Structures are given as structure tokens and as C-alpha cells.
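Close look at the chain arrangement
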Amino acid sequence: MIFLEVFIPVLSLSVDVRTLDTGTVKSLISEVCDLVKQKIGENENTNNEFVLYSPGQNRIFPENAVLRECGLITGSKVMLM
């Protein structure tokens, strides 16, 4: 289990997420999207493509990568773009 801070620049919103370090980037993006929809009261399903970016590592993670293999640990800060 890891705790991440995810910043969504388009909404100027930051959310803290608890997730498994064995999960994929794609599953994290889905979790964060669901959480943001709840926060802003959005019910509509959209098929937007988002990427997970680490400013500290200056890289975009492949969606099928495992979070642990990406070097993400508790306290990591990432951006959903």
C-alpha cells in the first residue's frame, strides 16, 4: 500500500490517494478519475485519455506499468494530465 499526491492541473486540484503498489498506472488513473468525479459531482462517463507524469523523474509512465516498477513510493507526487 502506498500513498500518493496526485495533482490535476486542469482543475487546479490535488488529491491524496491510497493504492496498492502492485497496481498498474492505468488502474491508478481510473481510481483518480472516479475520485475527482465524486468531488466535483460529475456523473457522466467520458473516454478521455489521461497520462500520469512524474515531475521528479521527468517522465510519463506507460499505462500498463506497475506502480512499484515506476519507482513510486509513499509520498510521491505525480500529475494527471
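Summary of the structure given here. Computed from a predicted model, the values in this text were never measured in an experiment. (Residues numbered from 1 in each chain as written. Predicted model: local features only at pLDDT ≥ 70, side-chain atom pairs only at ≥ 80, totals over all residues. Heavy atoms only, no water.)

Another aspect to go through is the nonpolar core. Membership of the largest hydrophobic core comes to 20 residues, with the highest contact counts inside it found for Val6, Val25, Val32, Leu52 and Leu72. By residue number, the principal contributor to this core is helix H1 (residues 25–40), which donates six residues. (Core = buried A, V, L, I, M, F, W, Y, C linked by side-chain atoms within 4.5 Å. Buried < 20%, exposed > 50% of the residue type's maximum accessible area, 1.4 Å probe, protein only. Helix = DSSP H or I, 4+ residues; strand = E, 2+ residues; numbered from the N terminus.)

So, on to the pattern of salt bridges. Oppositely charged side chains may form a pair once their charged atoms are brought near each other. Here the structure, examined in full by the defined rule, presents two salt bridges. With a shortest N-O distance of 4.0 Å, Glu5 and Lys77 are connected by a salt bridge. With Glu5 in strand E1 (residues 2–8) and Lys77 in strand E5 (residues 77–80), this residue pair connects regions lying 72 residues apart in the sequence. The class for Glu5 is partly exposed, based on a relative accessible area of 28%. The exposure class assigned to Lys77 is exposed, which follows from its relative accessible area of 55%. Arg68 is the salt-bridge partner of Asp21, the closest N and O atoms lying 3.2 Å from each other. Taken as a pair, Asp21 in the loop between strand E2 (13–19) and H1 and Arg68 in the loop between strand E4 (59–61) and E5 lie far apart in primary sequence, 47 residues in all. (Salt bridge = Lys/Arg side-chain N within 4 Å of Asp/Glu carboxyl O.)

What follows is about the environment of Asp21. Sequence spacing of Asp21 and Thr74 is 53 residues, and the spatial spacing of their C-alpha atoms is 9.1 Å. In contact with Asp21, not counting residues within four places along its chain, are Met1, Ile2, Val66, Leu67 and Arg68. (Contact = heavy atoms within 4.5 Å.)

The next point concerns the environment of Lys77. Sequence separation between Lys77 and Tyr53 is 24 residues; the distance between their C-alpha atoms is 9.1 Å. Ignoring any residue separated from it by four or fewer positions in sequence, one finds Lys77 in contact with Glu5, Ser54 and Pro55.

This part takes up H1. With 16 residues, H1 extends 22 Å from end C-alpha to end C-alpha; this agrees with the ideal 22 Å at 1.5 Å per step. On its buried face, H1 is in contact with E1, E2, strand E3 (52–54), E4 and E5. Looking one or two places after H1, you find Gly41, whose phi comes out positive at around 75 degrees. (Expected span 1.5 Å × (residues − 1).)

Because side chains alternate across E1, one face comprises the buried residues Ile2, Leu4, Val6 and Ile8, and the other comprises Phe3, Glu5 and Phe7, none of which is buried. Here seven bridges tie E1 to E2, and the two strands are oriented antiparallel to one another. Across the sheet, the residue bridging to Phe7 is Ser14, located in E2. Of the pairings in the sheet, the one linking E1 to E5 comprises three bridges and is parallel in character. Following the sheet pairing, Val6 is matched in E5 by Val78. (Pairing = 2+ DSSP bridges.)

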